[in-house]
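Residue-level structure breakdown
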Amino acid sequence: MVHVDVPKVRGKMAERDYTITSLAKELGITRGTLSNYLEDPQKIPYFIIRAMAEILCDTPEEASSIF
C-alpha cells in the first residue's frame with residue numbers, strides 16, 4: 001500500500017499555485033473526488049498518485065518522500 005503525506009501534497013499544491021479545483025481538472029477528475037481522496041488517501045488509485053507525483057514533484061526522490 002502506498003502512503004500519501006497529505007500535508008506535503010497540500011504544500012506542493014500551494015508552491016505550484018494549484019487549488020483543489022485546478023489540480024482536479026489537471027488530473028481529469030472532479031473537485032469533490034480529489035477532496036475525498038485527500039481526506040482518505042488510502043482510496044486514491046495508483047494512477048492518480050502517479051499523475052499527482054508527475055505534476056507536483058521535481059524529482060523521483062521528492063515524489064517518494066510524499067507518496
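Because the structure is predicted, anything quoted here is derived from the model rather than measured. (Residues numbered from 1 in each chain as written. Predicted model: local features only at pLDDT ≥ 70, side-chain atom pairs only at ≥ 80, totals over all residues. Heavy atoms only, no water.)

Things to note about helix α1 (residues 6-15)
Note the following rule: When a residue's accessible area, from a 1.4 Å probe over protein chains only, is under 20% of the maximum for its type it is buried; when over 50% it is exposed; and in between it is partly exposed. Under the DSSP-based scheme used, a helix requires at least four consecutive residues in state H or I and a strand at least two consecutive residues in state E, with every element numbered from the N terminus. What the arc covers is the set of directions going from the helix axis to the C-beta atoms. Two residues qualify as a contact provided that any one of their heavy atoms is within 4.5 Å of a heavy atom in the partner residue.
Those residues of α1 that sit buried are Val6, Val9, Lys12 and Met13. The buried residues of α1 occupy one face: seen down the axis, they fall within an arc of 120 degrees. Relative to its buried face, α1 has exposed residues pointing more than 90 degrees away, namely Pro7, Ala14 and Glu15. As for α1, its buried residues are in contact with α2 (20-27), α3 (31-39), α4 (46-56) and α5 (60-66). Within two residues after α1, Asp17 carries a phi angle of roughly 60 degrees, on the positive side.

Re the environment of Ile44
Note on placement: Ile44 falls in the loop between α3 and α4. When the C-alpha atoms of Ile44 and Thr59 are compared, they prove to be 21 Å apart, with 15 residues separating the residues in sequence. Those residues in contact with Ile44 that sit more than four places away from it in its chain are Val4, Tyr37 and Ile49.

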